[in-house]
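Descriptive structure summary
Take a look at the letters that make up each chain.
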Amino acid sequence: MLVRGRARGISPSPAPAGATAGRESVTRWGDRVTHAVAAVAGMVPLGALAFIVIVMVVSAIPAILFSGTGFFTGSVFSLGSVYAPPIHHHGLTAPFGASYGALPLILGTFVTSLIAIGLAVPISVGGVLMLSEWLPRRAQSFLSLFLELLAGIPSVVFGIWGVYTFGPFMAAHVYPLLTGLGTVIPWLKGPVGAGQGLLTASLVLAIMVVPIVAATTRELVRRVPTLAREGALALGMTRHETAKVVTIPYVRTGILAAALLGWGRALGETMAVLFIIGNVLNGYPQNLYLSANTLSATIAGTLDGALTDSTGTDISALAEIGLVLLVISLVTNFAGRLVIRRVSDQALPVGRGV
Amino acid sequence: MSEAMGLAGTRAESAEGTATEGVSVRNLGVRYRDRVLLEGISTEFRPRRVTAIVGPTGCGKTTLLRSINRMHDQAPGMRVTGSVSIDGADIYAPGVGVRGLRRRVGMLFQRPNPFPQSIADNISLAPRAHGLVSRREAAHLVEERLTEVGLWEAVRGRLNASPFHLSGGQQQLLCLARALALSPDVLLLDEPTSSLDPATTEHIERLITQLSERVTILIVTHNLAQAARISDDVLFLMAGRVVEAASSRTFFNDPGDERSRAYVSGRIG
């Protein structure tokens, strides 16, 4: 505001008109450059997002026309065969036998990410509350370091660990016990398979999401005003009662936001899931132990094959999957941000004056 | 009820005949790491009287107040030496639990800090946690305490609503009612009206005077006029030490220490 006013007030040209004016014009010129750089930098994220959305929509159009609503209802996702003459459908060409039914992938994405977040949230929140109430500061920062290390492990490492170590172990020792719950939750009935499937993927996702949710929760708990907690402590309430009466209500909405952010991560996670989930592209698994697939893992797993399709419709189908994933991610992210905004609006109303 | 609920040591000491009523502080020292916050504090707070703790900013008023319900226990790096006795029983003696102590010693803070719970729960949660009332009796207690602080008419229709929609003054009254719900013997007030409007301040001052008929009250205040209005006794601190402990009348009219004289007349502050 000030910069613009000054620029207009003097002269549109930066040419120096004396010693003082000369120095001022340098400042103005610097301001302009800064302005321009800032404007461009500010536009980059917006432009990149718009560009991605446009490219995805345009690339997906052939597949959208080819399958119509079949994309959301069909249960077989097949790229077809490039060794047979292509087929024509709705005025489009696709490889022989191609079928772009993505419902199992959409469901697989939601089931894995929801199980993951459903496990990760109580573990993170319970853990953080217990640690912040019971452990001294120094031990807390030591454990925080571990959380950050956990967050920094590349997902491909989680994938390898999941497929070679964790999955087989669970299938051999834990899943057989879980089948006992099959009478309550039918999806937990056997057979348990070899450890590559929905449940193993969900559990590994949960481990990957815990650092995100836990770190956010830790910040929220730290931001609970001391004054609010002391109100409970001064009434002789225990730490446990204080957590229940003061701390948890203060962080509740924030934890919802953290859960949504963590869920976004679980929705989009690709490599670990691709390794672990078993990559089945036709139909649904009969229980949670068996192989399935997700949207992101399908893109990564079938891209190679899709690139051999000269009609381009296979790639377009993957673009449509990407578009669906993008929409889901944007929606969860926006929802998370809305919740966070609401929380910061309420801004911890302790001690608000008259 | 409050007599029956005394500290574990109270009755034993009364039997020995050494019990003195009120709050007695003996050679109290408080350090935060290497810094001395309070040193050599020895004083008596008379039972069922209002004692104003005054002094310049940073002189240790709040630190002293928080020694009396052991709020320093939670803070790492805080070290308390010496002793504080309530009705003759040392509250820092081994085996004395802060839970029972804080049941008897209520506290009101500089700014209102109601629980993020309903208005009714703000009153009833602590008594229920201490097992003083049943769920059924709680409703009666809520009305009784809110009536006592003059908030009942204003909130009776929205007992299940959040307290954060109340004005700051109403929130502070709610916190007072919350403290009173445990029937404390001692009330620690840490500048309870510093964030409030004059009308609510006057209302709270009147309540303090009424409450002093049954509760020992210690109030930290920056407002000398307030101290003069409501206190029976004054404790004047400077730099973590007691300068003067006297009745209000003496302190404000004929202080015994030159520094008190300077403080009362506004030359230091």
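Residues numbered from 1 in each chain as written. Chains lettered and ligands numbered in written order. Predicted model: local features only at pLDDT ≥ 70, side-chain atom pairs only at ≥ 80, totals over all residues. Heavy atoms only, no water.

Moving on to the overall build of chain B. Secondary structure summary: chain B contains eleven helices and ten strands in total. Taking 2.2 N^0.38 as the reference for a compact globule, 269 residues should give roughly 18 Å; the C-alpha atoms of chain B span a radius of gyration of 19 Å, in line with that estimate. When the backbone C-alpha atoms are referred to their principal axes, chain B occupies close to 55 × 45 × 35 Å. The buried share of chain B, reckoned over its 269 residues, is 54%. In chain B, the share of contacts with a sequence separation of at least 24, taken over all contacts with a separation of at least 6, comes to 68%. Positive and negative charge centroids in chain B, built from 32 and 29 side chains respectively, lie 5 Å apart. (Helix = DSSP H or I, 4+ residues; strand = E, 2+ residues; numbered from the N terminus. Rg over C-alpha atoms; globule rule 2.2 N^0.38 Å. Buried < 20%, exposed > 50% of the residue type's maximum accessible area, 1.4 Å probe, protein only. Contact = heavy atoms within 4.5 Å. Lys, Arg positive; Asp, Glu negative; His and termini not counted. Charge placed at Lys NZ, Arg CZ, Asp CG, Glu CD.)

Within chain A one finds twelve helices and four strands. Among the 354 residues that make up chain A, the fraction classed as buried is 40%. Of the contacts made within chain A by residues no fewer than 6 positions apart, 76% connect residues no fewer than 24 positions apart.

Moving on to the pairing of strand β6 (residues 105–108) of chain B. All names here are of chain B. Burial along β6 is two-sided: the face carrying V105 and M107 and the face carrying G106 and L108 are both buried. Here β6 runs beside strand β7 (residues 186–190); their pairing, made up of four bridges, is parallel. Residue pairing for β7: G106 is matched across the bridge by L187. (Pairing = 2+ DSSP bridges.)

Buried accessible area, meaning the area lost when the parts come together, often serves as the stated size of an interface. All names here are of chain A. With domains assigned, chain A is organised as domain 1 (16–94) and domain 2 (102–346). Taken residue by residue, the interface counts 24 residues in domain 1 and 29 residues in domain 2. The largest share of the area that domain 1 buries against domain 2 comes from F71, F77 and L79, three residues that together contribute 35% of it. Scanning the region where domain 1 abuts domain 2 turns up zero salt bridges. The tally of links between domain 1 and domain 2 comes to seven residue pairs in polar contact (both at pLDDT 80 or more). (Domains from an automatic or database assignment. Buried area = accessible area lost by both parts, 1.4 Å probe. Salt bridge = Lys/Arg side-chain N within 4 Å of Asp/Glu carboxyl O. Polar contact = N/O pair within 3.5 Å; in protein donor to acceptor, adjacent residues only side chain to side chain.)

Turning to the sheet that holds strand β3 (residues 50–54) of chain B, a few remarks are in order. All names here are of chain B. The six strands are arranged β6-β7-β8-β3-β9-β10 in an open sheet whose pairing can be described as mixed. Each having just a single partner strand, β6 and β10 (241–247) make up the two edges of the open sheet. In this sheet, adjacent strand axes meet at a mean angle of 15 degrees when their direction is disregarded. Sheet topology places β3 next to strand β8 (residues 216–220); four bridges connect them, and they run parallel. Pairing of A52 across the sheet is with I219, part of β8. Where helix α8 (residues 198–211) meets the sheet, it contacts β3, β7 and β8, and its direction lies at approximately 145 degrees from that of β8. (Axes fitted to C-alpha atoms, helices over the stretch in contact; angles between N-to-C directions.)

A few words on the nonpolar core. With 81 residues, the main nonpolar core has F77(A), Y175(A), V246(A), L295(A) and F115(B) as its most contacted residues. At 14 residues, the largest contribution of residues to this core is made by helix α7 (residues 198–223) of chain A. Three or more residues apiece are contributed to this core by two domains, here domain 1 (16–94) and domain 2 (102–346) of chain A. When near neighbours in sequence (up to four residues on either side) are disregarded, F115(B) contacts G231(A), A232(A), L235(A), M237(A), V245(A), V246(A), N122(B), L125(B), P163(B), F164(B) and R178(B). By size, the runner-up hydrophobic cluster in this structure holds 46 residues, among which are A138(B), L207(B), I208(B) and F251(B). (Core = buried A, V, L, I, M, F, W, Y, C linked by side-chain atoms within 4.5 Å.)

Okay, the packing of aromatic side chains next. One pass over the structure, following the stated rule, counts ten aromatic pairs over all chains. A centroid spacing of 5.9 Å and a plane angle of 50 degrees characterise the contact between F77(A) and Y100(A), whose relative ring orientation is tilted. Of this pair, F77(A) sits in strand β1 (residues 77–78) while Y100(A) sits in strand β4 (residues 99–100), placing them 23 residues apart in sequence. In textbook terms, an aromatic cluster arises when at least three aromatic residues are bridged by ring pairs, as seen for F236(B), F251(B), F252(B) and Y263(B). Above the plane of the ring of F115(B) lies R178(B), whose end atom (NZ or CZ) is 4.3 Å from the centre. (Phe/Tyr/Trp six-rings, centres within 6.5 Å; stacked < 30°, edge-to-face > 60°. Lys NZ or Arg CZ within 6 Å of the ring centre and 35° of its normal.)

Now for the interface of chain B and chain A. Each partner contributes residues to the interface: chain B has 27 residues there, and chain A has 24 residues. Of the roughly 2200 Å² buried between chain B and chain A on both sides combined, carbon and sulfur atoms contribute 62%. A per-residue breakdown of the area chain B buries against chain A is headed by F115(B), P116(B) and F164(B), which together make up 22% of the total. Between R99(B) and E241(A) there is a salt bridge, with the nearest N and O atoms lying 2.9 Å from each other.

Bringing the side chain of E244(B) into the picture now. Residues and elements named next belong to chain B. Counting through the fold element by element, E244 comes out in strand β10. The side chain of E244 sits in the buried core without any salt bridge; R261 is the nearest counter-charge, 7.6 Å away. Residues within four places of E244 in sequence aside, it is in contact with V234, L235, F236, F251, P255, G256, D257 and S260.

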